[in-house]
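Secondary and tertiary structure notes
Here is what each chain is made of, one letter per residue.
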Amino acid sequence: MASNTEGSSDWLYEARNITKKYGSFTALDSMNFHIAKNEVVGLLGDNGAGKSTLVKMISGINPPTSGDIFVNGKKTEIRTRSDSEAAGIETIYQDIALVDSMSITRNIFMGREITNRFGFMDHKKMEDVAIDILGSAVQISGIDDPRKEVGFLSGGQKQAVAIARAVHFKRNILLLDEPTSALSVRETEHLLKYVGDLKKQGTSSVLVTHNLYHAFMVCDRFVVMSHGTKVFEATKKDTTIEELTDHVIRT
Amino acid sequence: MSSGQSDHIRKAVAERNKRPLANKFMDWIRDNPEGGIFIMFIAAQAAAIIFGLLFPDQFRYLAPANITVVLKSIAPLGIMALGVGILMIAGEFDLSVGALYSFTAIVCATVSNNLLGDVGEAEASAVAPFIGMAVALGVGTLAGIVHAFVTLRFNIPSFITTLGAMLIWKGGTLLYHGARALRFKPTEPFATMFGGEVGVVHASMIWFLIFCVIFYYLLHHHKLGNHFYAVGGNRNAAVAIGIDPARTKYIAFAIAGFMATLSGIVAATRVGSIQPGGGLGMELQSIAACVIGGLALNGGRGSILGILFGTALVFTIQDVLLLLQAPAFYFEMFVGTMIVIAVIMNTAVRRAKA
Ligand SMILES: Nc1ncnc2c1ncn2[C@@H]1O[C@H](COP(=O)(O)OP(=O)(O)OP(=O)(O)O)[C@@H](O)[C@H]1O
Ligand SMILES: [Mg+2]
């Protein structure tokens, strides 16, 4: 493979030899992971395998203890959320990351408010865009007021808001950490189809899920993790659901 | 981009906008903690006015003297509460504002008096009080930044940091100045700008309202205000989305220190002297005003309107009790009761909405 200072230029993102320690506990152990152009990666593994840790590492809020990161083949430091934003990475976190006391619109634009040059917000425009995007990725029912406080939404509705936000701001890479855990069957199908559409438009995704059938529907490549390392990797045409299941359970 | 779902939301929004004004107002009252406090404020005013009309001699609520005094003395608490409230929305407390209020007022008066800013001086200086004020505001803001630094650097509750700071500023005042009162009779134009009157409205009241407007735009319309809510409401979510909570909280602490100082200077200008212990207890009153105005103790919720109503209500009660010649501890008992009732009401409003 490439040298120490350069990654493959076909890859949007590459993490090489990543170790992440929480105190003395090693959550990621010399992990290698990459995201190519135009692909959906399925990230699988048992509870506590380190999937969310990897996702947070990629999105910058949980920087690695050691290891190298390459974006479009160039060595890059991603140690804060701003770094990953600059790299075009957007995340739907497993713990959702919404502020209950704020409205749907304000949650969607939190930290990325539409403002004039003095920093004053354009509420009208933000609300308009919010309404647009609430109808795009998932069409969750029951949301009819973009000013409603997020704390009053159902679990699935909250997840829909988090998805709408990430989908709206995504550029190169979308990370989805168990995005369908609270969604209905219909919404899940819709989101999975949407992830497939995004790929055609040039946005690669990483889908973390415990549902191997969902993963098999949309993913092009699978990475199975266990105890902080990669234990299995295969493209869709080289593997089967049975084989994947086996690796997830066995390790 | 648009879809069936978006159209559905648009229709619902348009539907809601078409409601008659009266309905919108009723919904606002029902859905916002400020609504409840607004009703309570109106009720308290109405009761006081009725009793003032019925018993004009025993209860001089409507006497011009009382109205003048109210319009003169409400501002210091309100100005302090604005700073405390913004910090509370950002998820932190400042218990030291009362002690800081006295300390920085003394800094202001000392600098001003030393530069011949006292009206009694033979060659009195017109700029000296402004220099004194600038220095004091600098000290107050810096104090807020220090509170933020200690709180955030060592990751401890601001409740503890500022409890310590309260005692330190209180002791610092006595160490630096002693327990005697300090004269502060600034020269013009300072005296008129901060102690003058427009009709019955005292200058301090005008400053309070000016800062209400400034902070209204900051909190509700500027992105920084949005970040206060985000950081106070869910710190981890704010981090995950790329807002720097430390930076946001530094600014909020600095605002609290700045406003405590301004509050002290405005009060000193009105009274003409500073009592080193004068601000003690105001930290709790301003927190009370905020809580009564619907701000959540654990951050992320509240509005400038709420702080304004909260301050007005606390002050109305204080005034009524003064007029009834009730001993001072009545006021404290009343405020204590009000805080608990306010939190119960705010919680109930939230639960009813869920
Ligand atoms: N902040 C933290 N401090 C210490 N240990 C942590 C921290 N976050 C995660 N861990 C540990 O790291 C390991 C990996 O956790 P992670 O959340 O990445 O698992 P996961 O693969 O996402 O699991 P799940 O499928 O249940 O979401 C777990 O053993 C967890 O206890
Ligand atoms: Mg996880």
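Residues numbered from 1 in each chain as written. Chains lettered and ligands numbered in written order. Predicted model: local features only at pLDDT ≥ 70, side-chain atom pairs only at ≥ 80, totals over all residues. Heavy atoms only, no water.

1. Considering the site of ligand 1
All names here are of chain A. Which entries qualify depends on this criterion: Whether a residue is near a molecule or strand is decided by its heavy atoms; if any one of them lies within 4 Å of it, the residue is near. Polar contacts, as counted here, are pairs of nitrogen or oxygen atoms within 3.5 Å of one another; within protein the pair requires one atom able to donate a hydrogen and one able to accept it, and residues that are adjacent in sequence qualify only if both atoms are side-chain atoms. Each helix is a run of DSSP H or I of at least 4 residues and each strand a run of E of at least 2, with the numbering of both proceeding from the N terminus. Three classes are used, and their members are as follows: Ala, Val, Leu, Ile, Met, Phe, Trp, Tyr, Cys and Pro are nonpolar, Asp, Glu, Lys and Arg are charged, and the others, Gly among them, are polar.
In the vicinity of ligand 1, 14 residues are found, and the nearest of them are N47, G48, K51, S52 and T53. Between ligand 1 and the protein, one listed contact pairs an oxygen atom with a backbone N or O atom of G48 at 2.8 Å. A distance of 2.7 Å is found between an oxygen atom of ligand 1 and a side-chain nitrogen or oxygen belonging to S52. Only β2 (25–36) and α1 (51–58) provide two or more residues apiece to the shell around ligand 1. A per-class count over the shell around ligand 1 returns four nonpolar, seven polar and three charged.

2. Here's the deal with the interface of chain B and chain A
Going by this rule: Throughout, a contact is declared for two residues whenever any of their heavy atoms are within 4.5 Å. Accessible-area loss on putting two parts together, using a 1.4 Å probe and summing over both, is the definition of buried area adopted here. For salt bridges, the criterion is a side-chain nitrogen of Lys or Arg within 4 Å of an Asp or Glu carboxyl oxygen.
Of the residues lining the interface, 35 residues belong to chain B; the matching set on chain A comes to 37 residues. Of the roughly 3100 Å² buried between chain B and chain A, counting both surfaces, carbon and sulfur atoms make up 56%. In this assembly, chain B and chain A are joined by three salt bridges. A salt bridge links R16 of chain B to D145 of chain A; the shortest N-O distance between them is 3.4 Å.

3. Some remarks on the packing of helix α4 (residues 123–134) of chain A against helix α5 (residues 155–169) of chain A
Residues and elements named next belong to chain A. Filter applied, for reference: Between N-to-C directions, angles span 0 to 180 degrees; the directions come from axes that are lines fitted to C-alpha atoms, helices contributing only their stretch in contact. With respect to orientation, any angle under 35 degrees is reported as roughly parallel, any angle over 145 as roughly antiparallel, any angle of 65 to 115 as roughly perpendicular, and every other angle as oblique.
Packing of α4 against α5 leaves a shortest axis separation of 9 Å and a crossing angle of 105°. When the axes of α4 and α5 are compared, the pair comes out roughly perpendicular. Only V161, A164 and H168 of α5 make contact with α4, whose side of the interface consists of V129, I133 and L134. Of the residues assigned to the contact of α4 with α5, the class counts are five nonpolar, one polar and no charged.

4. A short note on a nonpolar patch on the surface
Residues and elements named next belong to chain B. Our working definition: For patch building, the residue pool is restricted to those with more than 30% relative accessible area and no salt bridge; the joining distance is 9 Å between like charges and 5 Å between nonpolar side chains (Val, Leu, Ile, Met, Phe, Trp, Tyr). The Shrake-Rupley method, run with a 1.4 Å probe sphere, supplies the accessible areas, and residue values consider only the shown protein chains as cover.
The grouping of F149, F154, I156, F159, I160 and L163 at the surface amounts to a nonpolar patch, some 550 Å² of accessible area in total. In terms of residue count, helix α8 (residues 158–176) provides more of the nonpolar patch than any other element does, three residues in total. Relative to the elements of secondary structure, F154 occurs in the loop between α7 (128–153) and α8.

5. As for the sheet that holds strand β7 (residues 173–177) of chain A
The strands that make up a sheet are held in pairs by hydrogen bonds between backbone atoms, and each pair lies either parallel or antiparallel. Residues and elements named next belong to chain A. Counted only if it meets this: Two strands pair under a simple rule: DSSP has to find at least two bridges between them.
Read from one edge to the other, the open sheet built from six strands follows the order β6-β7-β8-β3-β9-β10, with strand pairing classed as mixed. With partners counted over all chains shown, the strands left at the sheet margins are β6 (89–92) and β10 (229–235), one partner each. Looking at each pair of strands side by side, their axes are set apart by 15° on average, direction ignored. Pairing geometry for strand β9 (residues 221–226) and β10, over six bridges, is antiparallel. Looking at the pairing, V224 lines up with F232 of β10. Sheet contacts for α5: β6 and β7; angle to β6, the most-contacted strand, approximately 170°.

6. What about unusual backbone geometry?
Residues E188 of chain B and P189 of chain B are joined by a peptide bond in cis, for which omega reads 0°. Mapped onto the elements of the fold, P189 of chain B is located in the loop between β1 (182–183) and α9 (190–195). For N17 of chain A, which is not glycine, the phi dihedral falls at a positive 60°. When you line up the elements, N17 of chain A lands in strand β1 (residues 11–22). Residues other than glycine seldom take positive phi values, yet E178 of chain A does so here, at roughly 45°. Within the element layout of this structure, E178 of chain A appears in the loop between β7 and α6 (185–200).

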